[in-house]
Amino acid sequence: MKSVKISQSKVYFTNLHTDGDNSLVQKLEKLCASADFDRIDMKGKLVALKIHFGEPGNLAFLRHNYAAKIVQIVKSRGGLPFLTDANTLYKGERADAVRHLHAAIENGYTESTVGCPVIIADGLRGHDHREIKIGLKHFEHAYIASAIAEADVIISLNHFKGHVETGFGGALKNIGMGGGSRQGKNEMHATSAPTIETENCVGCGECVSHCAYEAIALDSKRKATIDHNRCVGCGQCIAVCNFDAAQVSWEHGGLELGERIAEYCVAALEKKEHFHINFIMDVSSHCDCMDHNDVPIVPNLGMLASFDPVAIDVASADLVTAAPANAASKISKLVDLSKGDGRGVDKFAALYPESGWREAMEYAQSVGLGYVAYELIEKKFV
């Protein structure tokens, strides 16, 4: 029988150990060099560094120092870098460009600290986008924030962490959901409207105050109800509910949302050179869109770099699976740590068992974004 060759991508990894000759930003530069970052032609090109600036109040977001190092490298190669993210669909401090820029400044991202302009990709109110034809299962067209769609090169800097609907957020989430305009985000979330488990609702009103679309109200019994004619499915109510009352509608959430995000990645990366860096540190159970962050679910593990956004996300998730669980985190309530330290446990499946993250990665492979199989190449530099 003729053997079938399984394609895989190279993913480069370095841990967070340092010495006097190797700071973390120096190790980041060496990691990128090892991953053949210089093969990208950046001379005279507009280079979008896609990042999440972090919702004010959340302290798990990436430090600006890492972005500043990548900016320095890009400029030394003749590129024209800019840091960018698109406005949010939900109510918060990043829902329009004015507040979004203030949030970026509060969290340390300014031209003086990173060495390049900071641009909100979809304009003042999130309506500036380019319609890109993709012709895939969920979308015929995608609405990509204009500054991302018009960039020549995309480099994603991704804080790897949990996510209530997709299991985790990494490169694909940062590019796909993060690269969509408000209309694009609306379309990705359109079929994942949340539900309310009435018996869990204590009537605290947090979901009501955080809903940007006035889709949630408390009834006469002080139980939350959702008007699905108003709801856009952004999931903010799920994230802020401390009582498991607001929940994902898994019929169309989880895997389907992951597939939709993958299709938006196809549109965002179309005909562009791209490179991806994942930082597995401060791995909170929720994403950086929250105005708070919880105890990390695993120890800080390291940094990864690859030209393949699928492989780097799968490799990152596998490293988290292989790591010991933090007994002080939410994982301790979901995994029996009396029988071991949690090594080998899929932490994201434990947190969000119906997210279908691995199947979503397989779908991303099927639409040509990369490979779920990878070769992990460790570089210590110390």
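Predicted, not measured: the structure shown is a model, and the values here were computed from it. (Residues numbered from 1 in each chain as written. Predicted model: local features only at pLDDT ≥ 70, side-chain atom pairs only at ≥ 80, totals over all residues. Heavy atoms only, no water.)

Peer 1: Residues and numbers for the pattern of salt bridges, please.
Peer 2: Throughout the structure, instances matching the rule amount to 14 salt bridges. Salt-bridge contacts for Asp85 lead to Arg94; the nearest nitrogen and oxygen are separated by 3.7 Å. As a salt-bridge pair, Arg130 and Glu150 come within 2.5 Å of each other at their nearest N and O atoms. Of this pair, Arg130 sits in strand S5 (residues 129–133) while Glu150 sits in the loop between helix H5 (146–149) and strand S7 (153–159), and the two are 20 residues apart along the sequence. Arg130 sits in the partly exposed class, given a relative accessible area of 38%. (Salt bridge = Lys/Arg side-chain N within 4 Å of Asp/Glu carboxyl O. Helix = DSSP H or I, 4+ residues; strand = E, 2+ residues; numbered from the N terminus. Buried < 20%, exposed > 50% of the residue type's maximum accessible area, 1.4 Å probe, protein only.)

Peer 1: Which residues make up the state of the cysteines, and what values do they have?
Peer 2: According to the stated counting rule, one finds 0 disulfides in the structure shown. Unpaired in this structure, Cys211 has its nearest cysteine sulfur neighbour in Cys234, at a distance of 6.5 Å. (Disulfide = S-S within 2.5 Å.)

Peer 1: Give a detailed account of the packing of helix H6 (residues 171–179) against helix H7 (residues 182–189), specifying residues and quantitative values.
Peer 2: Contact pair H6 / H7: the axes reach a minimum separation of 8 Å and the direction vectors enclose 115°. In terms of axis orientation, H6 runs roughly perpendicular to H7. Contacts from Gly176, Met177 and Gly178 of H6 reach H7 at Lys185, Met188 and His189. Residues that form the contact of H6 with H7 fall into these classes: 2 nonpolar, 3 polar and 1 charged. (Axes fitted to C-alpha atoms, helices over the stretch in contact; angles between N-to-C directions. Parallel < 35°, antiparallel > 145°, perpendicular 65-115°, else oblique. Contact = heavy atoms within 4.5 Å. Nonpolar A, V, L, I, M, F, W, Y, C, P; charged D, E, K, R; others polar.)

Peer 1: So what's going on with the nonpolar core? Which residues, and what values?
Peer 2: Ile144, Ile280, Ile297, Leu304, Val320, Phe348 and Leu369 are the most contacted members of the largest nonpolar core, which has 77 residues in total. The residues touching Ile297, leaving out its near neighbours within four places in the chain, are Val283, Ser285, Val320, Pro324, Ala325, Asn326, Ser329, Ile331, Lys347, Phe348 and Leu351. With 39 residues, the next largest nonpolar core counts Leu31, Cys32, Phe279 and Met281 among its residues. (Core = buried A, V, L, I, M, F, W, Y, C linked by side-chain atoms within 4.5 Å.)

Peer 1: Run through the pairing of strand S3 (residues 80–85), naming residues and quoting values.
Peer 2: Each regular strand displays side chains that alternate between the two surfaces of the sheet. Of all 6 residues making up S3, 5 are buried, and the element is well covered by its neighbours. Bridge analysis of strand S2 (residues 46–50) against S3 gives 5 bridges, and the strand direction is parallel. Bridge assignment links Leu49 to a residue of S3, and that residue is Leu83. In this view, the connection linking S2 to its parallel neighbour S3 by way of helix H2 (residues 64–76) has right-handed handedness. In this sheet, strand S4 (residues 118–120) lies alongside S3 in parallel orientation, the contact comprising 3 bridges. Bridge assignment links Leu83 to a residue of S4, and that residue is Val118. (Pairing = 2+ DSSP bridges. Right-handed = clockwise from strand over helix to strand, strands pointing away.)

Peer 1: Tell me about empty space enclosed by the protein, residues and numbers included.
Peer 2: With a probe scaled to a water molecule rolled over the atoms, the places where space remains empty come into view. Tallying each qualifying case throughout the model produces 5 cavities of 30 Å³ or more. Approximately 370 Å³ is the volume found for the largest cavity. Tyr90, His163, Lys173, Cys287 and Cys289 are, among the 28 residues lining the largest cavity, the residues nearest its centre. When residues of the lining of the largest cavity are traced back to their parent elements, those giving at least two are strand S8 (161–163), H6, H7 and helix H9 (236–240). The leading source of residues in the lining of the largest cavity is H6, at 4 residues. Residue composition of the lining of the largest cavity, by class: 10 nonpolar, 11 polar and 7 charged. Computed from the structure, the second largest cavity encloses a volume of approximately 140 Å³. The wall of the second largest cavity is formed by 16 residues, among which Thr166, Phe168, Leu172, Gly258 and Met361 lie closest to the centre. Those elements giving two or more residues to the lining of the second largest cavity turn out to be strand S9 (167–169), H6, helix H10 (255–269) and helix H13 (357–366). Per-element accounting of the lining of the second largest cavity gives the leading share, 4 residues, to H13. Here the lining of the second largest cavity is composed, by residue class, of 8 nonpolar, 6 polar and 2 charged. (1 Å grid on protein atoms, 1.4 Å probe; cavity = no way out; pocket = protein on both sides within 12 Å on 5 of 7 lines; lining within 4 Å. Points joined across faces, edges and corners; volume = space filled by probe spheres on them.)

Peer 1: Describe the side chain of Ser285, with residues and values.
Peer 2: Mapped onto the secondary structure, Ser285 falls in the loop between strand S14 (273–280) and strand S15 (302–306). Residue Ser285 is classed as buried on the basis of its relative accessible area, which comes to 1%.

Peer 1: So, a negative patch on the surface: which residues are in play, and what are the values?
Peer 2: A grouping of Glu93, Glu106, Glu206 and Asp291 is seen on the molecular surface, where their side chains present a negatively charged patch. Among the secondary structure elements, Asp291 is positioned in the loop between S14 and S15. Asp291 gets classed as partly exposed once you look at its relative accessible area, which sits at 41%. (Patch = residues over 30% accessible without salt bridge, like charges linked within 9 Å, V, L, I, M, F, W, Y side chains within 5 Å. Areas by Shrake-Rupley, 256 points an atom, 1.4 Å probe, with all protein chains shown as cover. Lys, Arg positive; Asp, Glu negative; His and termini not counted. Charge placed at Lys NZ, Arg CZ, Asp CG, Glu CD.)

Peer 1: So what about H6? Which residues, and what values?
Peer 2: Counting buried positions along H6 yields 9 of 9 residues, so the element is predominantly enclosed. Listing the buried residues of H6 in full gives Ala171, Leu172, Lys173, Asn174, Ile175, Gly176, Met177, Gly178 and Gly179.

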